[in-house]
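Here are the chains, one letter per residue:
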Amino acid sequence: MPMYSDKVMEHFRNPRNVGEIDSPDGTGNVGNPVCGDQMTFYIKVDEDGIIRDVKYKTFGCGAAIAVSSMVSELALGKHIDEALKLTKKQVAEELGGLPPNKMHCSNLGTAALARAINDYKKKHGMPYEEIEDPEEEEHGH
Amino acid sequence: MDSIYLDHSATTPVDQRVVEKMLPYYSTHYGNASSIHSLGQKAKDDIEIARAHMAALINASPDEIIFTSGGTESDNLAIRGAFLKLSPNGKNHIITTKIEHHAILHTVEDLVKNYGATATYLDVDSDGLINLEQLKSAITDKTCIVSVMAANNELGTIQPMEEIGKICKEKGVWFHTDAVQAAGKMEFDVEKFSISMASFSAHKFYGPKGVGALYIKKGINIKPIYTGGGHEKGIRPGTYNTPGIVGMGEAARLAKENFDDSYKHTKELRDYLEKRISEEIKYVGFNGSRTNRLPQVASISFRYVEGESILMFLDMEGNIQASSGSACTAGDLHASHVLLAISLPHEICNSTLRFSFGKDNTKEQVDKVMEILPGIIERLRKMSPIAPKENE
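Sequence positions are assigned chain by chain, starting from 1 and proceeding in written order. The lettering of chains begins at A and the numbering of ligands begins at 1, in the order of writing. Selection of residues for local features in this predicted model requires a pLDDT of at least 70, selection of side-chain atom pairs for listing and counting requires 80 or more, and totals for whole chains, interfaces and linings are taken over all residues.

## Details of the overall build of chain A
Here is step 1 of the chain: What chain A contains, in helices and strands, is six helices and three strands.
Here is step 2 of the chain: Helix and strand assignments come from DSSP, with helices taken as H or I runs of at least 4 residues and strands as E runs of at least 2, each series counted from the N terminus. When the helices and strands of chain A are placed in sequence order, the string is α-β-β-β-α-α-α-α-α.
Here is step 3 of the chain: For this measure, only C-alpha atoms enter the radius of gyration; the expected value for a globule follows 2.2 Å times N^0.38, where N is the number of residues. Its C-alpha radius of gyration of 14 Å places chain A within 12% of the 14 Å reference for a compact globule of 141 residues.
Here is step 4 of the chain: Considering only C-alpha atoms, chain A reaches an extent of 45 × 30 × 25 Å along its principal axes.
Here is step 5 of the chain: Across the 141 residues of chain A, 51% fall into the buried class. Burial is judged by counting the other C-beta atoms within 10 Å of a residue's own C-beta: 20 or more makes it buried, 12 or fewer makes it exposed, and any count in between marks it as partly exposed, with every C-beta position built from the backbone.

## Brief notes about the confidence of the model for chain B
All names here are of chain B.
Here is step 1 of the chain: For chain B, per-residue confidence averages 95 on the pLDDT scale, and 97% of positions sit at 70 or higher.
Here is step 2 of the chain: Across residues 326-331, confidence stays below pLDDT 50; counting only partners more than four residues off in sequence or on other chains, it has ten contacts.
Here is step 3 of the chain: Across the interfaces of the predicted complex, the ipTM metric reaches 0.89, alongside a pTM of 0.93. By definition, pLDDT measures how confident the predictor is in each residue, and it falls between 0 and 100. Our contact criterion uses C-beta atoms placed from the backbone: two residues qualify when those atoms are within 7 Å.

## What about the packing of helix H2 (residues 62-75) of chain A against helix H5 (residues 103-123) of chain A?
Residue and element names in this part refer to chain A.
Here is step 1 of the chain: Closest axis-to-axis distance for the H2/H5 pair is 8 Å, and the angle between their directions is 40 degrees. Our classification of the angle between H2 and H5 gives oblique. H2 and H5 meet at a crossing whose hand is right-handed. Packed against H2, whose contacting residues are Ala63, Ala64, Val67, Ser68, Val71 and Ala75, the element H5 presents Cys105, Ser106, Leu108, Gly109, Thr110 and Leu113 at the interface. A fitted line through C-alpha atoms serves as each axis, taken over the contacting stretch for helices, and the angle formed by two N-to-C directions is quoted from 0 to 180°. The cut-offs work like this: below 35 degrees is roughly parallel, past 145 is roughly antiparallel, 65 to 115 is roughly perpendicular, and the gaps in between are oblique. If you view the pair so one helix is near and one far, a crossing is left-handed when the near helix is turned anticlockwise from the far one by less than a right angle, and right-handed when it is turned clockwise.

## Some thoughts on the confidence of the model for chain A
Here is step 1 of the chain: Considering every residue of chain A, the mean pLDDT works out to 90; 93% of them sit at 70 or more.
Here is step 2 of the chain: Within the model, the stretch residues 136-141 of chain A combines pLDDT values under 50 with twelve contacts to residues more than four positions away or in other chains.

## Comments concerning the sheet that holds strand E5 (residues 143-147) of chain B
Residues and elements named next belong to chain B.
Here is step 1 of the chain: For two strands to pair, DSSP has to find at least two bridges joining them. The strand order E2-E8-E7-E6-E5-E3-E4 describes an open sheet built from seven strands, whose pairing is mixed. Every interior strand has two partners, whereas the edge strands, strand E2 (65-68) and strand E4 (118-122), have only one. Neighbour-to-neighbour, the strand axes of the sheet open up by a mean angle of 20 degrees, direction not taken into account.
Here is step 2 of the chain: In terms of strand pairing, strand E3 (residues 93-97) meets E5 through three bridges, oriented parallel. Across the sheet, histidine 93 pairs through a bridge with threonine 143, a residue of E5.
Here is step 3 of the chain: Lying on the sheet, helix H4 (residues 102-115) is in contact with E3, E4, E5 and strand E6 (174-178); it crosses E3 at an angle near 155 degrees.

## Topic: the interface of chain A and chain B
Here is step 1 of the chain: Every contact between the two is made by 20 residues of chain A and, on the other side, 19 residues of chain B.
Here is step 2 of the chain: If you list the elements that add at least two residues to the side of chain A that touches chain B, you get helix H1 (6-13), strand E2 (37-45), strand E3 (51-59) and H2 of chain A.
Here is step 3 of the chain: For the side of chain A that touches chain B, the element with the highest residue contribution is E3 of chain A, accounting for three residues.
Here is step 4 of the chain: Residue type decides the class: Asp, Glu, Lys and Arg count as charged, Ala, Val, Leu, Ile, Met, Phe, Trp, Tyr, Cys and Pro as nonpolar, and the leftover types, Gly among them, as polar. Split into classes, the residues belonging to the side of chain A that touches chain B amount to nine nonpolar, nine polar and two charged.

## Observations concerning the nonpolar core
Here is step 1 of the chain: In these notes, a nonpolar core means any group of buried Ala, Val, Leu, Ile, Met, Phe, Trp, Tyr and Cys residues linked to one another through C-beta atoms within 7 Å. Of all hydrophobic cores here, the largest spans 153 residues; its most connected members are Val67 and Leu113 of chain A together with Tyr215 and Ile310 of chain B.
Here is step 2 of the chain: Apart from the residues lying within four places of it in its own chain, the contact partners of isoleucine 310 of chain B are Phe302, Val305, Leu353, Ile376, Ile377 and Leu380 of chain B.

## Concerning the sheet that holds E3 of chain A
Residues and elements named next belong to chain A.
Here is step 1 of the chain: The sheet built from three strands is open, its strands ordered E1-E2-E3 with antiparallel pairing. The open sheet has two edge strands, strand E1 (26-32) and E3, and neither has a second partner. Sheet twist, expressed as the mean angle between neighbouring strand axes with direction ignored, is 10 degrees.
Here is step 2 of the chain: Examined bridge by bridge, E1 and E2 share seven bridges and lie antiparallel to one another. Counted as the bridge partner of asparagine 29 is threonine 40 from E2.
Here is step 3 of the chain: Lying on the sheet, H2 is in contact with E2 and E3; it crosses E3 at an angle near 175 degrees.
Here is step 4 of the chain: Each of E1 and E2 touches H5; the most contacted strand, E1, lies at about 145 degrees to it.

Shown next as structure tokens:
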């Protein structure tokens, strides 16, 4: 088994907030099963811009599942602009570190969340920055 | 919870009888087999007994066996040794397959990139079998060696060895085979298969790690890749790893003695696992040839879920050890080159596990696997964004 931290294992074993949201305010998808990981995030946002519900579905390794779970926890209750500031480094640190060849999973999580937020902004006519496909640059071999 | 080890294609536990045989060579029988005194001669004699056992397993004669440090070294010695010997005569072309172990693939790549070799990589069909016509037409007067693995490590697919050997013999080309996965698990006869060289590794058949063998047919001359003393006829210099070699010999003896029982036992368990999975889990695929394959390997794709996650749950919840792809590539994020070569779609490659059985596994262990595996797959599919909705 890869050298995962206790925190990663704990989130892998009991992932938080798994699932989908019916009529979400924003949906974001990154990756695809071809590259090995896919994450779809769903968010509910209130009128103050606070993320009130987060759900996700993930196809991927242990790290990908733990990252999705951690990102969902970190995003819940945050203002969308605060949530956009989440970095892959922060997520990895919150998980007690990730093996070097699994760092890209961390990037997938923040990117999927950011795309869900962008989707929300787009629907509300707010300006947003496109999120690049992370897997192209981040798949370290 | 006792471990349920289903990863025998990665490595096997050392048989206790092998350990017992090896132990004195770490203590009382420590002589250097090249020394002329009695301690040295004791080691020498026992190495020759081991050589005879290894030869008997594959129907070779003892003087056709060279001991090495393992499968990777044997592969390197065969391919590089043949290339060094024949390329000065203009024979710089190597033929191999797309599903070889990296010990072959990376060696050939190195020879192409840095030493002026050319290479042909034979395709395989969806069962993992090469096409004999493609092999025939690939052989030219520049071909120095054909290297085709006897049985594949991920699929268990067995190549048509006799036919390949016949073609190479007719064309006058050396035929090497990586038989690391084959030894002790399929009928393997160097004469019947017209083999020039074959690589073996002890730890795949209940022997120790760090010792292997290369069969080199009498009359075939390759160049050594190491220089040193005159051990192993100068083909593989270096002080004899006496405990390892003695262990490999004993493991080979036991593999021959127990062949029928072991074949039948592992095949029954493998078939039972495949049957139960096909009946109890949806969206599964079974890879590799249904007819020409090793008895103890199952390559199974569980669509919509990722292999590593399944492995982690099996290990955590059932102390069950299996493998995704091969152990050598488990740390690699690339999909397996073997599964891609049989035209399995990328996403299904990432959803594929290998279960490989051994002589000590039991039917109860398969039942334990099936107590938890369907639940694990269901749970992971529930959180998979690509699984059909009906799973929810």
